[in-house]
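# Topology and contacts: notes
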Amino acid sequence: MNKEEAQIQINQLVKELNDHNYRYYVLAEPVVSDFEFDMLLEKLTTLEKEYPEFLLPDSPSQRVGGTVTSEFASARHTYPMLSLSNTYSEGELREFDDRVRKLLDAKYEYICELKFDGLSISLTYENGLLTRALTRGDGERGDDVTTNIKTIRSIPLRLVGSGYPELFEVRGEIILPRPGFEKMNLDRIEIGENPFANPRNAAAGSLKLQDSAEVARRPLDGYMYYTLGETLSFKTHSESLEALASWGFKISDKTALCGSIDEVIGFINKMARERDKLTFDIDGIVIKVNSLEQQQALGFTAKSPRWAIAYKYKAEQVTTQLLSIDYQVGRTGVVTPVANLKPVQLAGTVVKRASLHNADIMAKLDVRIGDFVFVEKGGEIIPKIIGVDLGKRDLFAEPVVFIETCPECGTKLERQEGEAGNFCPNEDHCPPQIKGKLEHFIHRKAMNIDSLGEGKIEILYDNKLVKDIADLYSLTYDSILNLEKVFKGNDGAKDKKLSFKEKTAENIINGINTSKSAPFERVLFAIGIRYVGETVARKLALHFKNIDAIIAASNEELQVAENIGEKVAGSIFTFFRKPENLVLIEKLKSAGLNMVADKQPDLLSSNLAGKSIVVSGSFGSSKRRKELEEMVAMHGAKLAGSVTSKTDFVVAGENMGPEKHQKALKLGIPVISEDEFLEMLK
Ligand code: IVH
């Protein structure tokens, strides 16, 4: 294939893939299989690697992310992002309608929309291309999260259809649908990270991640609901929504045109009944005057439009009786009190259990067995007890005393200074904690033994084949073949039987063997030392180079490594003072795991020390570009993927990305040639 042919192919593939993407993520009507899609994408990325000069700004390869932003640049909104006035009451809604009627003195219609419970975003499109995405911020200025937003598949990188203005803004909400949220939380729990309380928090956390490749893995979605620009010619809001849909945006079909406030209230009540069936959270209904001319006539107050109001749903609440309290020991040893309730219907599901969080909250609520308690399901997935109906309390009800010993292993519970919960200190022998360590060890980000997920660890543990992580490496095909267990289905779900047939057993053993080649920093993370997450593990590996040096390091020496404070150093130091942990390390060593870091290249000079540099465009060949990128690191600088106010300069080749160029100009960041760059290294 020659250069020209490559360019034609790239252009075609980008178009085709963007179309498939739109059909899958916006219309939910895919026409090719995931496999076909992946094949096409692979073809495109291979071509793009070979011909980086033909990389298009709307290429779907950007959806996988890859740029790391150390700090998001802040930028002023072209139009401030206002909020809506809120109400929880039908009366106030009618007052809103009275005001609209008086001010307009003409016939008017409302359009009702879902109030998406996520984060608002403002997207700028220039000549059909997404050029900027800003968060709301304080309404005047927001954070530039363009690279992260580009990973969200339902946000068009290039618009389809016709008739869109040269320059305009679209506003909408970034949300995390519930199924994706639940899966994400399970993954987090598995690696000992705190789960997000609700999809909104999870979406907010995801959008602010520095690594866009990680954002790409979060199942974010975006619904649009507002258009702004100097050259828009719509007559009504509903017309603008239709236009947005025709240009490729995701628009909810749960809207209603209403001729009166009674109809509006009808829609609010209908959606209150149906909201549990949606795959994402809403916290109310937004009511907007449909005619844009009338919107203009009504205008704005300092904070919000007079032509719109948000009706917010109250968190649903019921009362039911507290039957008993169970105590659950988590994977990290934390003991959580869980209330068993008389089953009660709440927000579309039957609630039988609710979290009491920890000893402090339980004591504050002063719940007693037999009490009638108020249970609420707000944005959170797990219902919570928010109070006691004291009027109904039995005269002889006794205060509940939090258990003193671990219900799993009998060890006396402890409380850590500054923490609200009680925990079982027997981390090496308490069954759920051992299973927790094993699950952490096999996790994707640790040793990545995916053939051992979903309950398989439990089978090995129950059969006494593994008591610690090192035991995994003594397993043999014969020792695990035909092991099985029936997992009881919770809350009426069917029981599930899991057994290690030939293929499963083989996969498990293969997975364990493959994990032996995981690099040292992953092994260090996988061991499960408290407070040693992925980043700390990497820093330790980089600084100390091998396990023996870490074991030998004093508390103070540990703190010399970048990013390691007193608390983390203390935890590492204590871990390696325990003889059983040293035995464990020896076992892992003899199993053949990597206990030494890969050699880091020595720096050629520190000419560029502390600088943040972007390399953009083509330099004759992709190999040359790679070389230049490597030089950045070899001379002490950091290679950045996008231009921000933190960038020191950009090394530009031919056809430097237009977005980067513009950004550099705007921020006054020097753009230098390859020769000028080489000069700096001398
Ligand atoms: S319209 C000028 N429509 O609610 C007002 N907002 O308190 C433009 N929101 O910041 C906003 N769903 O984040 C609008 N269908 C919807 C919405 C919606 C959710 C959020 C948005 C806004 C907040 C207003």
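Everything discussed here concerns the structure shown above.
Residues numbered from 1 in each chain as written. Predicted model: local features only at pLDDT ≥ 70, side-chain atom pairs only at ≥ 80, totals over all residues. Heavy atoms only, no water.

### Concerning the overall build of the protein
For the protein, the helix and strand inventory stands at 24 helices and 24 strands. Over its C-alpha atoms the protein spans a radius of gyration of 29 Å, differing by no more than 12% from the 26 Å that the globule rule assigns to 682 residues. Overall, the C-alpha framework of the protein stretches about 85 × 80 × 50 Å when taken along its three principal axes. Across the 682 residues of the protein, 46% fall into the buried class. Contacts in the protein between residues far apart in sequence, at least 24 positions, make up 68% of those at least 6 positions apart. Working note: accessible area of the protein is about 34800 Å², and carbon and sulfur atoms make up 51% of it. Positive and negative charge centroids in the protein, built from 88 and 100 side chains respectively, lie 2 Å apart. (Helix = DSSP H or I, 4+ residues; strand = E, 2+ residues; numbered from the N terminus. Rg over C-alpha atoms; globule rule 2.2 N^0.38 Å. Buried < 20%, exposed > 50% of the residue type's maximum accessible area, 1.4 Å probe, protein only. Contact = heavy atoms within 4.5 Å. Areas by Shrake-Rupley, 256 points an atom, 1.4 Å probe, with all protein chains shown as cover. Lys, Arg positive; Asp, Glu negative; His and termini not counted. Charge placed at Lys NZ, Arg CZ, Asp CG, Glu CD.)

### Examining the state of the cysteines
As enumerated under the stated definition, the model contains zero disulfides in all. Distance from the sulfur of Cys 409, which forms no disulfide, to the nearest cysteine sulfur (Cys 424) is 3.6 Å. Among the residues examined, Cys 409 registers a relative accessible area of 28% and is labelled partly exposed. Under the relative-accessibility criterion, Cys 424 is labelled buried at 1%. (Disulfide = S-S within 2.5 Å.)

### Some details on the pattern of salt bridges
Under the defined criterion, the tally for this structure stands at 43 salt bridges. Among the salt bridges present, the one from Arg 624 reaches Glu 674, with a minimum N-O distance of 2.8 Å. Taken together, the positions of Arg 624 in helix α22 (residues 622-634) and Glu 674 in helix α24 (residues 674-681) put the pair 50 residues apart, joining distant regions of the chain. Here the salt bridges do not stand alone but share partners, grouping Asp 366, Arg 368, Asp 371 and Arg 393 into one network. (Salt bridge = Lys/Arg side-chain N within 4 Å of Asp/Glu carboxyl O.)

### Remarks on the nonpolar core
Within the largest apolar cluster, 59 residues are counted, with the highest numbers of intra-cluster contacts made by Phe 441, Leu 472, Tyr 473 and Leu 540. Contributing elements (two or more residues each) for this core: α12 (431-442), α13 (456-462), α15 (502-514), α16 (520-526), α17 (534-544), α18 (547-552), α20 (566-575) and α21 (579-590). With sequence-adjacent residues up to four places away left out, Phe 441 is seen in contact with Ala 446, Met 447, Asn 448, Ile 449, Ile 469, Leu 472, Tyr 473, Ala 526, Ile 527 and Leu 593. Leu 114, Tyr 223, Leu 278 and Ile 309 belong to the second largest nonpolar core, which has 34 residues in total. (Core = buried A, V, L, I, M, F, W, Y, C linked by side-chain atoms within 4.5 Å.)

### Let's talk about the packing of aromatic side chains
Tallied over the entire structure, the rule returns 20 aromatic pairs. On the basis of an interplanar angle of 10 degrees and a centroid distance of 6.2 Å, the ring pair of Phe 116 and Tyr 225 is categorised as stacked. Note that Phe 116 is positioned in strand β3 (residues 110-116) and Tyr 225 in strand β8 (residues 221-228), a separation of 109 residues in sequence. Residue Phe 116 shares its accessibility class with Tyr 225, and that shared class is buried. Centre to centre, the rings of Tyr 125 and Phe 168 are 6.0 Å apart; their planes meet at 25 degrees, and the pair counts as stacked. (Phe/Tyr/Trp six-rings, centres within 6.5 Å; stacked < 30°, edge-to-face > 60°.)

### Quick notes on the site of the ligand
Near the ligand you find 13 residues, and of these Glu 113, Leu 114, Glu 173, Tyr 225 and Lys 288 are the closest. Glu 113 places a polar side-chain atom, nitrogen or oxygen, 2.8 Å from a nitrogen atom of the ligand. If the ligand stood free it would expose 520 Å²; the protein chains cover 91% of that surface. Taken together, the elements giving at least two residues each to the shell around the ligand come down to β3, β8 and β10 (282-289). (Near = heavy atom within 4 Å. Polar contact = N/O pair within 3.5 Å; in protein donor to acceptor, adjacent residues only side chain to side chain.)

### Comments concerning the side chain of Asn 426
Along the chain, Asn 426 turns up in the loop between β18 (422-423) and α12. With relative accessibility at 18%, the residue Asn 426 sits in the buried group. Residue contacts for Asn 426: discarding those within four places in its chain leaves Cys 409, Thr 411 and Gln 433.

### Re the pairing of strand β12 (residues 316-329)
Sheet topology places β12 next to strand β15 (residues 372-377); six bridges connect them, and they run antiparallel. Each residue of the ladder has a partner; that of Gln 321, found in β15, is Phe 372. Relative to strand β13 (residues 334-346), β12 runs antiparallel, the two sharing seven bridges. Bridging from a neighbouring strand, Ile 325 pairs with Ala 339 of β13. In textbook terms, the turn of a hairpin is the stretch between consecutive antiparallel strands, and for β12 and β13 this stretch comprises four residues, one of which, Gly 333, has a positive phi near 90 degrees. (Pairing = 2+ DSSP bridges.)

### What to know about the packing of α22 against α24
Across the interface, α22 lies against α24 with an axial gap of 12 Å and an inter-helix angle of 35 degrees. By crossing handedness, the relation of α22 to α24 is classed as left-handed. Judged by residue contacts, Arg 624, Leu 628, Met 631 and Val 632 of α22 engage Glu 674, Phe 677, Leu 678 and Leu 681 from α24. The residue makeup of the contact of α22 with α24, split by class, is six nonpolar, no polar and two charged. (Axes fitted to C-alpha atoms, helices over the stretch in contact; angles between N-to-C directions. Left-handed = near helix turned anticlockwise from the far one by under 90°. Nonpolar A, V, L, I, M, F, W, Y, C, P; charged D, E, K, R; others polar.)

### Remarks on the environment of Thr 78
Residue position: Thr 78 is located in the loop between β1 (74-76) and β2 (86-87). Residue Thr 78 is classed as exposed on the basis of its relative accessible area of 55%. Put simply, Thr 78 and Phe 168 are 90 residues apart on the chain and 10.0 Å apart in space, counted from C-alpha to C-alpha. At 3.1 Å, the side chain of Thr 78 forms a polar contact with the side chain of Glu 169.

### Here's the deal with the sheet that holds strand β22 (residues 638-640)
Working definition: the strands of a sheet are paired by backbone hydrogen bonds and lie parallel or antiparallel to each other. One open sheet holds the four strands; their spatial order is β22-β21-β23-β24, and the pairing between them is parallel. Of all the strands in the sheet, just β22 and β24 (671-672) have a single pairing partner and so form its edges. Here strand β23 (residues 649-652) runs beside β24; their pairing, made up of two bridges, is parallel. Of the residues in β24, the one forming a bridge with Val 650 is Val 671. Where α24 meets the sheet, its contacts fall on β23 and β24, and the angle it forms with β23 comes to roughly 125 degrees.

### A word on unusual backbone geometry
For Asp 105, which is not glycine, the phi dihedral falls at a positive 55 degrees. As for its placement among the helices and strands, Asp 105 is situated in the loop between α3 (90-104) and β3. Residue class for Asp 105 comes out exposed when judged on its relative accessible area of 70%. The backbone of Asn 655 shows a phi angle near 50 degrees, a positive value even though the residue is not glycine. With respect to the helices, strands and loops of the structure, Asn 655 is situated in the loop between β23 and α23 (658-667). The class for Asn 655 is exposed, based on a relative accessible area of 55%.

### Notes on α22
The end-to-end C-alpha distance of α22, which contains 13 residues, comes to 18 Å, matching closely the 18 Å that a straight helix rising 1.5 Å per residue would cover. Taken together, the buried positions of α22 are Leu 628, Glu 629, Met 631 and Val 632. Down the axis of α22, the buried side of the element spans an arc of 150 degrees, and every buried residue falls inside it. On its buried face, α22 sits against β21 (612-616), β22 and α24. Here α22 starts with a cap whose side-chain oxygen sits 3.1 Å from the backbone nitrogen of Arg 624, and that cap is Ser 621. Taken from the residues just after α22, Gly 636 is the one with a positive phi, measuring 95 degrees. (Expected span 1.5 Å × (residues − 1). Arc of directions from axis to C-beta.)

### Remarks on the packing of α3 against helix α9 (residues 261-274)
Between α3 and α9, the least distance of the axes is 10 Å, while the angle of their chain directions is 145 degrees. Of the two possible hands of crossing, α3 and α9 adopt the one that is right-handed. In this structure, α3 contributes Glu 90, Leu 93, Arg 94 and Asp 97 to the contact, and α9 contributes Ile 261, Asp 262, Val 264, Ile 265 and Ile 268. Partitioning the contact of α3 with α9 into residue classes produces five nonpolar, no polar and four charged.

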